[in-house]
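# Examination of the molecular architecture
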Amino acid sequence: MDWWNGSVAFHSMAVPSQRERYDMKILHVLPDNLIASSPGVASACGMAEAMAAREHEVSIACLKHGLADLHPQDVLVRAFTPDRPSGLLSSLDLRTYLQQNVKYFDIVHIHGLGHHPGRYAAAATRQAKIPYILTPHGQLEPGISTTGGRLLKTVNWFLHDSSVVRHASALHYLTVSEAKNSFAPANLKQIVIGNGISSALCENLPVRGSWRSEIKSTLGNPDRPLAIFSGRIEPHQGLERLLPHWPALLREHPDILLVLVGSGEKPHIDALNAIIAEYSLGGHIIWTGELTGLVKWRTLVDSDVFILPAHQADTSSAIIEAMAAGLPVVLTRECHFDEVEEHHAGVIIEHGDMDAFVRAVSELVSNREIWNSMRQNAQKLVQSDFTWETSAEKLERLYESLLLHTDIPLDLLPPRDIP
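Here we come to the sheet that holds strand β12 (residues 285–289). Read from one edge to the other, the open sheet built from six strands follows the order β12-β11-β10-β13-β14-β15, with strand pairing classed as parallel. The open sheet has two free edges, formed respectively by β12 and β15 (346–349), since each of these has just one partner strand. The mean inter-strand angle of the sheet, taken between neighbouring strand axes irrespective of direction, is 20°. Where strand β14 (residues 329–332) and β15 come together, four bridges link them in parallel fashion. Counted as the bridge partner of Thr332 is Ile349 from β15.

Quick look at the pairing of strand β13 (residues 305–308) now. Because side chains alternate across β13, one face comprises the buried residues Val305 and Ile307, and the other comprises Phe306 and Leu308, equally buried. Inspection of the sheet shows strand β10 (residues 226–230) paired to β13 by two bridges, in the parallel sense. Across the sheet, Ala227 pairs through a bridge with Val305, a residue of β13.

Let's shift gears to the pairing of strand β8 (residues 170–173). Burial along β8 is two-sided: Ala170 and His172 and Leu171 and Tyr173, pointing in opposite directions, are all buried. Relative to β8, strand β7 (residues 132–135) runs parallel, the two being bridged by two bridges. Bridge pairing in β8 places Ile133 opposite Ala170. Assessed by its sense of winding, the connection that carries the chain from β8 through helix α5 (residues 176–181) to strand β9 (residues 190–192) is right-handed.

Let us now look at the packing of helix α13 (residues 317–324) against helix α16 (residues 368–385). Between α13 and α16, whose axes approach to 7 Å, the crossing angle comes to 120°. Put simply, α13 runs oblique to α16. Helix-helix and strand crossings are classified by hand; for α13 and α16 the assignment is left-handed. Within the contact between the two elements, α13 uses Ile320, Met323 and Ala324 and α16 uses Ala378, Gln379, Leu381 and Val382. A per-class count over the contact of α13 with α16 returns six nonpolar, one polar and no charged.

Moving on, we come to the environment of Glu400. Tracing the chain through its elements places Glu400 in helix α17 (residues 388–403). The class of Glu400 is buried, set by a relative accessible area of 7%. Sequence separation of Glu400 and Asp23 is 377 residues, and the distance between their C-alpha atoms is 9.8 Å.

In this section: helix α11 (residues 266–278). End to end, α11 covers 18 Å across 13 residues, agreeing with the expected 18 Å (1.5 Å per residue, within 8%). All buried positions along α11 are accounted for by His268, Ile269, Leu272, Ile275 and Ile276. Along the axis of α11, the buried residues cluster in a sector spanning 120°; they form a single face. In α11, the exposed positions angled more than 90 degrees off the buried face are occupied by Lys266, Pro267, Ala277 and Glu278. Tucked into the core, α11 has its buried residues touching α9 (239–242) and β12. Downstream of α11 by a residue or two, Ser280 has a phi angle that is positive, lying close to 55°.

About the cut-offs
Residues numbered from 1 in each chain as written. Predicted model: local features only at pLDDT ≥ 70, side-chain atom pairs only at ≥ 80, totals over all residues. Heavy atoms only, no water. Pairing = 2+ DSSP bridges. Helix = DSSP H or I, 4+ residues; strand = E, 2+ residues; numbered from the N terminus. Axes fitted to C-alpha atoms, helices over the stretch in contact; angles between N-to-C directions. Buried < 20%, exposed > 50% of the residue type's maximum accessible area, 1.4 Å probe, protein only. Right-handed = clockwise from strand over helix to strand, strands pointing away. Parallel < 35°, antiparallel > 145°, perpendicular 65-115°, else oblique. Left-handed = near helix turned anticlockwise from the far one by under 90°. Contact = heavy atoms within 4.5 Å. Nonpolar A, V, L, I, M, F, W, Y, C, P; charged D, E, K, R; others polar. Expected span 1.5 Å × (residues − 1). Arc of directions from axis to C-beta.

See the structure below:
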């Protein structure tokens, strides 16, 4: 193909919808291959795999950390060793690869801000006149922190990252709320395509009860209500502001158990354990550590309510997984997932009000009619709007509109951008 010379030579093929589509060579650029600690990496892998399933040629370029690896199906992954083992990681090999090879792709999709791979890719695509899309994964919202402190972030923004944003062919947000809260320049093309989950997984969830059976000695009462947090355990997720209010919930529901799924840095875990000890919550909380695959899904399916008291959003993946498992969700407004409220799939709490947060959990545990209605709505929302199959079809149309210089389809625009 000769895109960089000004002509388009994609291979058209007929599809059942009668819309002409094109085979594309797509490159996703990620900060690293740490899928467990970076939800944006997991999201990008899902997008890449879904586009490969639509018969596009998809590759990933990223930095390599230790023995970690990525294995999205039918996607070629190139992971480059950093030049040094710590700090804001750079890689001459990755930079050289992008400079020499980005011209062979039709479109480049950069995930996240504040990392060298994205900066390398943005510079290389501009040089080769290849369009690139930026998915900031929440990093264009006020208060979001990237690598380093506030001063370093400010310096990097003016020296590097503002240019990455400014020259993007389009900014891709995961939710309407993220788009509304972004401080990106208003003249950039902005679109909304949600994270996804496999529709096959939605249709083949584990049978409820298997995980509870495994931990019956811990549960005591096999039917006791379970509230679950699942994700990277970091300060911005808000557990430290929720836990002091948990005793109020226990007064109403002394049997409720809080399940904390995920891993985090030891200082933060120690701080949370200190709060747990201070409020005598040890017998009402269990830590599972990081869970993946079937074990994670069995844990979600056997829970009753998903909680996310976050100060700021970074990804919607955990929320989508919880809803797919049939859980009503209780979120703070800072999670930027207004679709939950619009579709009556859970409760959104304003202004970080943790008293209101625990009351919402209490009501869902107490009122099975509301709980059952919300859990059904949650699954319907995911199945209609948040499967990878749906997201891939939208991404395909976005890519094509940029490559063919046509208008972006209206259904991909944030509501504020629709004429």
